[in-house]
Each structure stands twice: as structure tokens, then as C-alpha cells.
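Listed here are the chains, written in short residue letters.
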Amino acid sequence: MDGTSARTADEALPGVAVVVVDPDGDGRRAVRGLLAQTVRPVSITLVTAAGPTAGGTRSPGPAVPFDDPAVPPVRVVRCARGDLGPVCVDAARNAGAPYVAVLRGDDEALPHWLWHLARAARDGGGDGTGPVGLVQCGALRLRDDGLVDGFALPPASPRARPSPSDLLEGAYAVRRELLDADGGTAPWVALPMPLVRRRSGGAGDPAAVLAPGTRVARRTRLARHGYRPPAARPRNGSTPRLVSVVVPVRNGARTLAAQLTALARQTGAVAYEVLVVDNGSTDTTREVAERARAELPDLRIVDASDRAGESCARNRGIAAARGDFVAFCDADDVADTGWLAAMAQAAKEADLVGGGLETSVLSPGRVDEQPLPMDAQTDFLPFARGANCGAWKDVLTALGGWDERYRGGGEDMDLSWRAQLCGYLVRYADDARMHYRLRDGLPALARQKWNYGRSGAQLYAAYRRAGFERRDGRVVVRNWCWLLLHVPDLVRSPVLRRRWVRYGARLAGFLAGSVRQGVRYL
């Protein structure tokens, strides 16, 4: 869809007003996110507590129009703390828009939150059952430092009506006229997308935030409807001003020099810096990085020795990055000379970019272990591998960075899938090549595949509500039968032994991860 068509389609979206419930604050975080929406709210009403007063609700000031840039377009309603719920419902009644969305005071809506709510409200009842009555979405959970701590999505199974816990898991919008309806049926759409950022222990009275939604759910029979969110739009076509290349490393002195030399020989007019993030090395990694300054004058060494893990190291790199686009590669691989130029070119149209991995140079003779390119993946959603990917820094910040709970694998799938569920565009740049090194020794290979298997169960536990399905039971049985039948491969040849270890360690990881996560992912 071109820009003109997209604008025309957006003009036909129903208007959405927003009510922010922040008993003890000014809703600053929520309002800041609302003013950055790609589809502007019709109005913003802040409901806050003024302490117990004899008069109850205080009269709000007039709504401020959006065409007055000098004054924040926020209408403030102050009331006694015990009146927050009824006042929230009244604010929704008087919002002056077909739909009203409700946020907690410390929620930060992603820029396309209202666009997705409005699209679902318009298209979710397309089978002729009438206008959508309720639209739900999920929420990203953030730690106090702004890094991701998971996410919550609406339940995937149909119910007669949403429960209060369903509404609390994310954010929602209701059709305003249903607040005072008496009976009738309306479609109910649950978006499998975390579209608001929420810090743990956030502000807001749960009962007050739920009041408009529970009122509609009590008065209207809500029928769950399936709905497929629209594809993410391409980025605005701008070129990165500066690319920050983040190289996490732990005891990588043997291979780091080759990667830094390759980064120093990048071609194309791309301004970049290199950040070597030391994740607690005890060898001469830092000395190797220091020597590379002769070829890379903009190289910096970032300390991340206090906590082990690639995700932690990458997050430290993001925090230290001066560039508006951040690219990631590993210390034991070697970037192609045109890698950065290809990444920067792809970044013009995408929020997150994945490049290609090629094993023939660093691990010749192992074609069967060549990682699948993004456009050939058959997983739940395509994903960019952590050894060769990049994203705009504002997108990484909005997503909460890399999830540090994934250890040894799965963190790249999580980042790519989370980005797509949050409405960002992930694309593959085949010409952004990285020469990839496979594990040589069997113990290292087994440990890697074991971790991949464990993370598979972790990903299933996190993404099953979004549509990530476990493997068919017949496939599971065939895989385990194959493993048992091929036990003799362990002594037949090194090639067959390596293949058996790869498959066996991964299946064992599935089993261990299932036990750890309390799910069945075999």
C-alpha cells in the first residue's frame, strides 16, 4: 500500500478517545505516548484523585483542541479516590468518539497502538454481526531499568465474556454507546499484540481502569471474533546517521581480531562505530580490542562483566551506542566487506533487519548445518539471528531490548517475534552477509543444541497465546524413534556421530525445558 492509499484507509478509521486513570499522578508517561500516536486520539481525559472531598467530582476544564500546539490536549477530571470507577465511566461516556480506550497512568502506548485498535474496531466485525464492542491488546512488562521482563497477551480461547483479569493483562477499547446498552450482542476482538509498555508495580486503580470494560461486558453479550492484524508498514526511508556495531565477547581473544579487522575493512559510505562489549573475559580479549584501535579509531570497549549472558552484553551495547541504528555480530565470525552497507540500505524500509549467515569459509564441509535464511524459515514467525542482525535504536528501546532471561539461545527469536507482535517490520537482507563459525567440538555443539532445545520450550510458554504451536505428536514420536534407531551412528563415523549429537541434544533440551517451564514441548 502506497502512502496515499494508507492515508485514505486511515481516514476511514473510527475515532478513538482515551481515558487515562492515574490516581496519584499527572499521567505524564501515558500522555507522552498518546501525543506520539500515528493516529491521534479524538480527546484525552485524565482521571486523577483529589483526596476525599464532600463534593465528590470536581468540574473538569474544557477539552483543549489538537490544533493549539501551545497547550497539552488533556482534559483533567479530579475526584475522590472512592469515585474513580464511576468517574472513569462518565469520562468515557462524554468522550465524544465512537470508541474509548482506557490506559493506566504509567502505561506507554507504542506509536501504532491506536491505529491497531481502530483497525480492529472497524474490521473485526466484518461478518455482519454489527460494530465491534470490545478490542483488547496485550502489554509489554518492563523492569525498573526499562528492559523487558516478558509480556502479557489476551487469552486465545473463546469465552462468553472477558474476565476482569483478561482486561487487566493489557489495554482495551470499548464502543461508547454500549456503556448504557441493555442487552444485545457485539463482536469482541483480542489482538495478540503487546502494544503498551507497562512497568512493574505501575500506577492506577485496577477497579477504576476496569470500570468501562466490565460495564460493557455485563450489559452486552460479547462474542469472540477472529481477526488478523494488518501487516506492519515500511519505515520512512531514512538512512541511519550513524551505525553502532555491538560485538559481545567473553574470552574471545582467539577469534576477535579477525572480526575487528573485517569491520575495519567495510566498504560503502556508512558512518559507524564499533563497541566491543566485554562480558567478563579472563583472557587477553581486552588487549586484542585495544590493538584494533589502529584500524578502528572509533572503537570503544564497554564493560559488562557483572552479569554473564549475551543478551546482557548486547543491552549494555545498546545503552552505550551513539548511533541511531544498532547492528549486532559475534566475536567468532567474520563480516563480509559489504555487510554494514547492506544493513544500512535495508534499514531504510525496516525496523529490524536480519542478514544472511554463510558457513563455507569458517566451517567448510558442513553444508548440512548451514542455518536457514529468514525467507526459508518455517517457524511461527521469521526471525533474525543474533549473530547478524540490526535494529533502529528507538525500536530496541521501545521493545525493552534483549530479554536477559534467555540464556544460550532463543533470545534472537524472542526479539524478532516480539518486534513483529508489537507491530514493527522485520525484513531479511540476504546481501548483508556474515561468515559464520559452527561449533567444532562435540561437547560445545551438544551444549549449544541443548540450550536451543530448552529455549524452544521457553518460547512456547511465552508465545502460545500468539499462535506459536508445538510440534504434532506424530512428529515427536518419529523424532525420538529416529534417535533410538540411530544410536549405532555414535560409533560408525565422525559425521554421523556429530549428526546424532546435534539432534539428541536438542530433543533432550526440549524435554528439560518442558519440565522447567511446566509445558509440553517435546
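It should be noted that the structure appears before, not after, this text.
Note that the structure is a prediction, hence the values are computed from the model and not measured.

Draft legend 1. Representation of the nonpolar core within the structure. In this structure, Val245, Leu260, Leu263, Val274 and Trp339 are the most contacted members of the largest nonpolar core, which totals 90 residues. Top element by residues in this core is helix α10 (residues 339-347). It accounts for 7 residues. Setting aside its immediate chain neighbours within four residues, Leu260 contacts Val274, Val276, Val288, Ala289, Ala292, Leu296 and Leu299. Grouped together as the second largest cluster of nonpolar side chains are 34 residues, Leu13, Val20, Ala120 and Met193 included.

Draft legend 2. Region of interest: the environment of Asp379. Position of Asp379 among the secondary structure elements: in the loop between β16 (352-358) and β17 (388-392). Sequence separation between Asp379 and Met413 is 34 residues, and the spatial gap between their C-alpha atoms is 9.5 Å. For Asp379, the contacting residues outside a window of four places in its chain are Met413 and Trp417.

Draft legend 3. Expanded view of the packing of helix α14 (residues 473-485) against helix α16 (residues 494-517). Between α14 and α16, whose axes approach to 10 Å, the crossing angle comes to 135 degrees. One element, α14, and the other, α16, form an angle in the oblique class. Handedness of the crossing formed by α14 with α16: left-handed. Along its contact with α14, which presents Asn479, Trp480, Trp482 and Leu483, the element α16 presents Arg499, Trp500, Tyr503, Gly504, Leu507 and Ala508. Looking at side-chain class alone, the contact of α14 with α16 contains 7 nonpolar, 2 polar and 1 charged residues.

Draft legend 4. Representation of α16. The end-to-end C-alpha separation of α16 is 34 Å, in line with the 34 Å expected for 24 residues at 1.5 Å each. Every buried residue belonging to α16 is among Arg498, Trp500, Val501, Arg502, Gly504, Ala505, Leu507, Gly509, Phe510, Gly513 and Ser514, and all of these are buried. Next to the buried residues of α16 lie α13 (442-463), α14 and α15 (489-492). Of the residues one or two after α16, Gly518 is the one with positive phi, at around 70 degrees.

Draft legend 5. Up close: empty space enclosed by the protein. Scanning all chains against the criterion turns up 2 cavities of 30 Å³ or more. Approximately 80 Å³ is the volume found for the largest cavity. As for the largest cavity, its lining consists of Gly355, Gly356, Leu357, Pro371, Leu372, Pro373, Met374, Gln377, Phe383, Ala384, Arg385 and Tyr428. In terms of residue count, the dominant contributor to the lining of the largest cavity is β16 (3 residues). The residue inventory of the lining of the largest cavity, partitioned by class, reads 8 nonpolar, 3 polar and 1 charged. Taken together, Arg307, Ala308, Gly309, Glu310, Ser311, Cys312, Glu404, Tyr406 and Arg407 form the lining of the second largest cavity. A class-by-class count of the residues in the lining of the second largest cavity yields 3 nonpolar, 2 polar and 4 charged.

Draft legend 6. Here's a closer look at the packing of aromatic side chains. Applying the stated criterion across every chain, the model contains 13 aromatic pairs. The interplanar angle of 90 degrees and the centroid separation of 5.1 Å between the aromatic rings of Phe380 and Trp417 together place this pair among those described as edge-to-face. Separated by 37 residues along the polypeptide, Phe380 in the loop between β16 and β17 and Trp417 in helix α12 (residues 411-421) bring together distant segments of the chain. Grouping aromatic residues by their ring pairs yields a cluster made of Phe151, Phe380, Trp417, Tyr460, Tyr463, Phe468, Phe510 and Tyr521. Stacked on the ring of Trp188, the Lys or Arg Arg224 has its end atom at 4.9 Å from the ring centre. The lysine or arginine in question, Arg314, covers the ring of Trp402, its NZ or CZ lying 4.4 Å from the ring centre.

Basis of the calculations
- Residues numbered from 1 in each chain as written.
- Predicted model: local features only at pLDDT ≥ 70, side-chain atom pairs only at ≥ 80, totals over all residues.
- Heavy atoms only, no water.
- Core = buried A, V, L, I, M, F, W, Y, C linked by side-chain atoms within 4.5 Å.
- Buried < 20%, exposed > 50% of the residue type's maximum accessible area, 1.4 Å probe, protein only.
- Helix = DSSP H or I, 4+ residues; strand = E, 2+ residues; numbered from the N terminus.
- Contact = heavy atoms within 4.5 Å.
- Axes fitted to C-alpha atoms, helices over the stretch in contact; angles between N-to-C directions.
- Parallel < 35°, antiparallel > 145°, perpendicular 65-115°, else oblique.
- Left-handed = near helix turned anticlockwise from the far one by under 90°.
- Nonpolar A, V, L, I, M, F, W, Y, C, P; charged D, E, K, R; others polar.
- Expected span 1.5 Å × (residues − 1).
- 1 Å grid on protein atoms, 1.4 Å probe; cavity = no way out; pocket = protein on both sides within 12 Å on 5 of 7 lines; lining within 4 Å.
- Points joined across faces, edges and corners; volume = space filled by probe spheres on them.
- Phe/Tyr/Trp six-rings, centres within 6.5 Å; stacked < 30°, edge-to-face > 60°.
- Lys NZ or Arg CZ within 6 Å of the ring centre and 35° of its normal.

Honestly, that's just the spatial picture; any functional story needs more than this.
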